[in-house]
Amino acid sequence: MPKDNSIKSVLIIGSGPIVIGQACEFDYAGSQASRSLRDEGIEVTLINSNPATIMTDKVVADNVYLLPLEVESIEKILKEHPQIDAVLPTMGGQTALNLCIEADKSGVWEENNVRIIGVDIDAINITEDREEFKELMGKIGVPMAPQKTATSYLKGKEIAQEFGFPLCIRPSFTLGGSGATFVFTKEEFETSLSRGLEASPIHEVMIDKALLGWKEYELELLRDANDNVIIICSIENMDPMGIHTGDSITVAPAMTLSDTTFQKMRDMAIHMMRSIGTFAGGCNVQFAVSDDEKEDIVAIEINPRVSRSSALASKATGYPIAKIAAKLAIGYHLDELMNQITKTTTAYFEPTLDYVIVKIPRWNFDKFEGADRRLGLQMKSVGEVMGIGRSFQEALSKAAQSLEIKRNGLGADGKGYTDQDDVLEMLEKASWNRVFVIYDAIQLGIPLRKIQEITRIDMWFLKQIEELVRLQEEIEKYTLDDLPRELLMDAKIKGFADRQIAHMTRKLESEVHDKRIEMGINRVWKIVDTCAAEFPAQTPYYYSTFENETQDENGKVYTENEAIASDKPKIIVLGSGPNRIGQGIEFDYCCVHGVLAAKECGYETIMINCNPETVSTDFDTADRLYFEPVFWEHIYDIILNEKPEGVIVQLGGQTALKLAEKLDRFGIPIIGTDYQSLDLAEDRGRFSELLKANDIPYPRFGVITNADEARTLAEELGFPILVRPSYVLGGQGMKIVINHEELEHHVVNLFKSIPGNRVLLDHYLDGAIEAEADAICDGENVYIIGIMEHIEPCGVHSGDSNATLPPFNLGDLVMQQIEDHTVKIAKALKTVGLINIQFAVKDDKVFIIEANPRASRTVPFIAKAYDEPYVNYATKVMLGKNKVTDFDFNPKKKGWAIKQPVFSFNKFPNVNKNLGPEMKSTGEAIYFIDSLRDPVFKKIYSERNLYLSK
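The following paragraphs examine the structure supplied in this document.

Looking only at helices and strands, the chain features 31 helices and 36 strands. The contacts of the chain with a sequence gap of at least 6 include a subset with a gap of at least 24, amounting to 70%. Carbon together with sulfur atoms contributes 48% to the accessible area of the chain, which is approximately 34100 Å² in total.

As structure tokens, this is what we get:
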């Protein structure tokens, strides 16, 4: 059956601000779905309150509504667009589903003749109501762990008495495992039960007998209206049951599952999907398998929507789940659609992987002082990376190199733990570094049997890591000069970085690189093609690997590189790596716009990034996608292969910016602002000297390079003092101190965690107002795209402040100073492209806090509020295609837009919620007001000092 031609206009519900448990994977899904529907000539209207994403950009949908995700907003949209026929709620995570149900209960869809597509309400209710779901599974013969529902404290205690400990408590209708936990004692149980009943919107919890140590698997499925079902991908959690799948290291395809058990699991998943309703679309099913030879299978849950894992599965297989799911939702059958990668076969096939992918989550515990860092049923990670390799070892190594946690990869960097008792305790209490700790444990000689006993991780994975440890020990016996070629080749095939091999052989990274090139050990690139090269792929989506040479029938010796560079002029855009606090989805928005603008300028565009959740790593965003770590060695080899005109670093946040120095040193052109200017702005001391020379006010300051210098300088400056390290992101390490003791303690910690850094001490302007400006500069002309005033006082990080665009309380004199300083600084830094400057205003005098000559967190917000494609313009300026004066700027200024930060403190109940110079928010929403008498503004303004910590 072809598409349902009665559907002419569809509403897509987004997922709102980014929080732990629901991140930009839904931005990716919504963007894909929108493009997919528009390809069919269907009008797409989108609602989402997140200004930082590409999903809420005009390039994605016909009508974009940046409104709160509430029933009232839906009613407003349907009034303005009575032509909307259908709503697709499966692309916006739990938030979209919950809103869809709420609107359904209010009769909104029925009143407006809007039908729900992609899922049916009964399917959502069955899967979310754990009691109903359990009954249904019993009916269809799918086993589940013993479990019962409690809707009261008393009922919960009765169930605990019946089952005995350990138990698992999961609140119904929550997100990212919110409130879910294991309990081992009566006291833990009582606290968690109360918390769980509160966390559930329907005050219901499911109490399960805990399956600790069982193995966990996920299957991603698609089904059409003809009841054809395919399994897109099997994913195995390296971590056993007990750690939320969003916090687990996961591997695709599944590695340690017997074929018989896999077939059983497939049948169960298909049976489950067919039993929950007659919808067409995507579905995610989770299972637990006993870690013994019996391999008993029990179902954990089913999500009748695209999930966090479906973004991962799409990137892992090259099969765009959300894109196809959207087409199935409007009536197409799988055998009527084309495979998006080969373009010659249908979408009714199950992808085959001739490589392995490994996902490692990225945490930010350092931002949550006092947080419980143990991993459990409640998700705590803020982002993730994915590595692709020809083996598990290579993919694991590449994922570890992608994390940006000051490690060179897995092991071989001198940063491992060497105390056996510490290592054993860390194995017991799984946290963010557990895979690194396993490596250290094997290095210390702790038996694999013991590690397996503690972690319950399958022995196959432990043996794979042990092989890496043994290879490191072997290489360390040699110097680089006498290192046998086969050992170096083995290390590269298994994913060790040049930097790690340099550490093992006591040499420099560049020396190892030169040595392997001399030995003919060159990186090659392979295509992600969905079908293990059975059919030719039309899509240039690559990952790198190393392979031994083979001989053809004519005796020619070769390695096969599938990424053959074209002779077109090319531009590389460096992505922003994994999401973390301080650097999130807003930089992905900037990268996507940068790619689109470079295409408009006639360049072939190349994207390098390793974040599976984002639109920038979609295989058809750039002309060529390298799904690789944003890590020097990988980037340099890609540059040598592609020979681009230059590299854009100012759109990928601090990740890309940090690579500017290496690019400059190797003579690779940086597009836009040059390295010297970028470095000058990052070096707090040198930047203040530039302000001094240009007669621009700044707080009294001084630079220290060791803790001894702090006291003398503090006496000169006077307290309170703002301590700021150079070259950091999201205010990392920044703190306001009020006495010598606090100052010394913080400075000692800083030099320990960021050795060799220059630390700036500023006299803190107590009670000042903070403001910031974003501008585009071509070296001569400057256009200020927006000036924002922070509602919270100076001292709260700009990312954690509510802010208004335009300012609500700055007089003409202050605004003139801000404009003059912005123009002067942009020119003095020889900016070509974007720049963000932050100001403190005290007694009508404007002081400079810092300048960032790159895309900032606020650029997407301003672009959405004023409805102008600022990143597109800035990229064209960087490429030298246009001057600032070429553009006809026409911002739509009406009322005020408020940027509202969103925090995920509920994941860390005992954490200090005070705000200061170090950023803690995970996302943001946008809210428009016509008047400063708006109750939302009044409430924010009245609470502006509530959480300020000194």
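After that view of the structure, there is still more to cover.
Of all eight residues in helix α24 (residues 675-682), seven are buried, a share of seventy percent or more. Within α24, burial applies to Tyr-675, Ser-677, Leu-678, Asp-679, Leu-680, Ala-681 and Glu-682. Buried residues in α24 make contact with α22 (653-657), α23 (660-665), β25 (670-671), α25 (684-693) and β34 (845-852).

Looking now at the packing of helix α20 (residues 585-600) against helix α29 (residues 859-866). Look at α20 against α29: their axes get within 9 Å of each other, and the N-to-C directions meet at 65°. Relative to α29, the element α20 lies roughly perpendicular. Side by side, α20 and α29 meet where Glu-586, Tyr-589 and Cys-590 of the first sit next to Pro-860, Ala-863 and Lys-864 of the second. Residues belonging to the contact of α20 with α29 are distributed by class as follows: four nonpolar, no polar and two charged.

Within the element layout of this structure, Ile-117 appears in the loop between β5 (115-116) and α5 (121-128). Taking the relative accessible area as the measure of exposure, Ile-117 reaches 5% and is therefore buried. Between the C-alpha atoms of Ile-117 and Val-10, which are 107 residues apart in sequence, the distance is 9.2 Å. In this structure Ile-117 touches Ile-7, Val-10, Ala-86, Val-87, Leu-88, Pro-89, Ala-329 and Ile-330, once residues within four positions along its chain are discounted.

If you walk through the whole model with that rule in mind, you get zero disulfides. Lacking any disulfide linkage, Cys-283 is separated from the closest cysteine sulfur, that of Cys-233, by 15 Å. Its sulfur unpaired, Cys-591 is 7.0 Å from the next cysteine sulfur, which belongs to Cys-590.

Taking strand neighbours across the sheet as the criterion, the four strands line up as β26-β29-β27-β28 in an open arrangement whose pairing is antiparallel. The open sheet is flanked by β26 (701-704) and β28 (735-737), the only strands paired with a single partner. Each neighbouring strand pair of the sheet contributes to a mean axis angle of 25°, computed without reference to strand direction. Taken together, the three bridges between strand β27 (residues 721-725) and β28 define a ladder with antiparallel strand orientation. Residue Val-723 lies in a different strand from β28, and its bridge partner there is Lys-735. Together, β26, β27 and β29 (759-763) form the strand contacts of helix α26 (residues 710-717), whose direction differs from that of β26 by roughly 180°.

The rules behind each value
Residues numbered from 1 in each chain as written. Predicted model: local features only at pLDDT ≥ 70, side-chain atom pairs only at ≥ 80, totals over all residues. Heavy atoms only, no water. Helix = DSSP H or I, 4+ residues; strand = E, 2+ residues; numbered from the N terminus. Contact = heavy atoms within 4.5 Å. Areas by Shrake-Rupley, 256 points an atom, 1.4 Å probe, with all protein chains shown as cover. Buried < 20%, exposed > 50% of the residue type's maximum accessible area, 1.4 Å probe, protein only. Axes fitted to C-alpha atoms, helices over the stretch in contact; angles between N-to-C directions. Parallel < 35°, antiparallel > 145°, perpendicular 65-115°, else oblique. Nonpolar A, V, L, I, M, F, W, Y, C, P; charged D, E, K, R; others polar. Disulfide = S-S within 2.5 Å. Pairing = 2+ DSSP bridges.

Purely geometric numbers; function is a separate question.
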